[in-house]
Amino acid sequence: MFDPDRWRTKITHKGAEGEPIVTIDEFATDPAALITAAAQLPFARLSPYYPGLRAPMGPDACAALLNALQPLCRSAFGCTPGLESAFYSLVTTPRDQLAPIQRLPHYDGMEPHRLALIVYLCAPRLGGTSFYRHRSTGYETVSLERFDVYRDALHADVRRHGLPPAGYIAGDTPVFERLSSPEAAFNRGLLYRGRNLHSGDIAPDFACDPNPATGRLTITAFFV
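Quick notes on the rules
- Residues numbered from 1 in each chain as written.
- Predicted model: local features only at pLDDT ≥ 70, side-chain atom pairs only at ≥ 80, totals over all residues.
- Heavy atoms only, no water.
- Bend = angle between axes of the 7 residues up to and from the residue.
- Helix = DSSP H or I, 4+ residues; strand = E, 2+ residues; numbered from the N terminus.
- Buried < 20%, exposed > 50% of the residue type's maximum accessible area, 1.4 Å probe, protein only.
- Contact = heavy atoms within 4.5 Å.
- Polar contact = N/O pair within 3.5 Å; in protein donor to acceptor, adjacent residues only side chain to side chain.
- Salt bridge = Lys/Arg side-chain N within 4 Å of Asp/Glu carboxyl O.
- Disulfide = S-S within 2.5 Å.
- Expected span 1.5 Å × (residues − 1).
- Arc of directions from axis to C-beta.

Description of helix H2 (residues 59–77)
At Leu69, H2 is bent by approximately 35°, the largest bend along its length, and proline Pro71 sits one to four residues beyond. Three or more residues of H2 are buried, namely Ala61, Cys62, Leu65, Ala68, Leu69, Leu72, Cys73, Ala76 and Phe77. Next to the buried residues of H2 lie strand S1 (8–14), strand S2 (19–25), strand S4 (83–91), strand S5 (115–120), strand S8 (188–193) and strand S10 (217–223). Immediately downstream of H2, the backbone of Gly78 shows phi near 70°, a positive value.

Shown next, in the form of structure tokens:
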């Protein structure tokens, strides 16, 4: 299902904080089988934050994912986390229905060893992932020690600039600067610390599609 011996990996370091982003090509040995498996699952809205539908991956796939990734987690991030959750995910929320918090970059947790993975099982034109810097604080990551400062500064930004307009963030704004946008590719994974400010790179003309075979299907997994 996942064979690290076939992977082609590259580590880059982004921004002033130098956070590592690991790109993994040829992630799944048979990505078409994963898409077929996803199409058999009942997708549902499982989170108020994710702008779409998700279906949990089965226990065998989760075990294979963790077993394949642990050596890379050790070498790239100096940790050997367990798997917290893994989903098939589809972006399906129209831009004019996004909650304000969904229009901003987000982070997946503040723990230093929390890792996030996204694997693209869709056409690259449906969008990748971008990483951001918060302009007023300069923060590229949000840790427990930074949280209060970041929260207060973000509230001040909203008072000054107003709520972000309806739509997915896809570039620089008065509040956030886009640092990098690793190119999306079919069967490519990105592994990074969850505390990085990031967002799906969803274009203004993105057409929401709930079909796993043709929509923006990804694997999203969290390790801690």
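Continuing now.
Some words on the environment of Ile35
Looking at where Ile35 falls in the secondary structure, it is placed in helix H1 (residues 31–39). What makes Ile35 buried here is its relative accessible area of 15%. Distance in space between the C-alpha atoms of Ile35 and Thr218 is 9.2 Å, their sequence separation being 183 residues. In contact with Ile35, not counting residues within four places along its chain, are Leu121, Phe186, Pro212, Ala213 and Leu217.

Overview of the side chain of Thr129
Take Thr129: it is sitting in strand S6 (residues 129–134). Only 2.8 Å separates the side chain of Thr129 from the side chain of Tyr120, close enough to count as a polar contact. In this structure Thr129 touches Ile118, Tyr120, Ser180, Ser181, Pro182, Leu190, His198, Ser199, Gly200, Asp201 and Arg216, once residues within four positions along its chain are discounted.

Quick notes on the pattern of salt bridges
This model, assessed by the stated rule, comprises 13 salt bridges. A salt bridge links Arg146 to Glu17, with the shortest nitrogen-to-oxygen separation between them at 2.9 Å. Taken as a pair, Arg146 in the loop between S6 and helix H3 (147–161) and Glu17 in the loop between S1 and S2 lie far apart in primary sequence, 129 residues in all. Look at Glu17 and you get partly exposed, because its relative accessible area is 29%.

Considering the state of the cysteines
Here the structure, examined in full by the defined rule, presents zero disulfides. Here Cys73 stays unpaired: no disulfide links it, and the sulfur of Cys79, its closest cysteine neighbor, is 5.7 Å away.

A few points about H3
Taking 1.5 Å as the rise per residue, H3 with 15 residues should run 21 Å; its terminal C-alpha atoms sit 21 Å apart, in good agreement. Those residues of H3 not exposed but buried are Tyr150, Ala153, Leu154 and Asp157. Buried residues of H3 fall within an arc of 105° about the axis and therefore sit on the same side. Those residues of H3 that are buried are in contact with S6 and strand S7 (176–180). Just past H3, the residue Gly162 takes up positive phi, approximately 85°.

Quick word on unusual backbone geometry
Located in the positive-phi region is Glu26, a residue other than glycine, with phi close to 60°. Summarising the element assignment, Glu26 is placed in the loop between S2 and H1. Of the residues examined, Glu26 reaches a relative accessible area of 35% and is grouped as partly exposed. For Asn187, which is not glycine, the phi dihedral falls at a positive 65°. Within the secondary structure, Asn187 is located in the loop between S7 and S8. Given the relative accessible area of 5%, Asn187 is considered buried.

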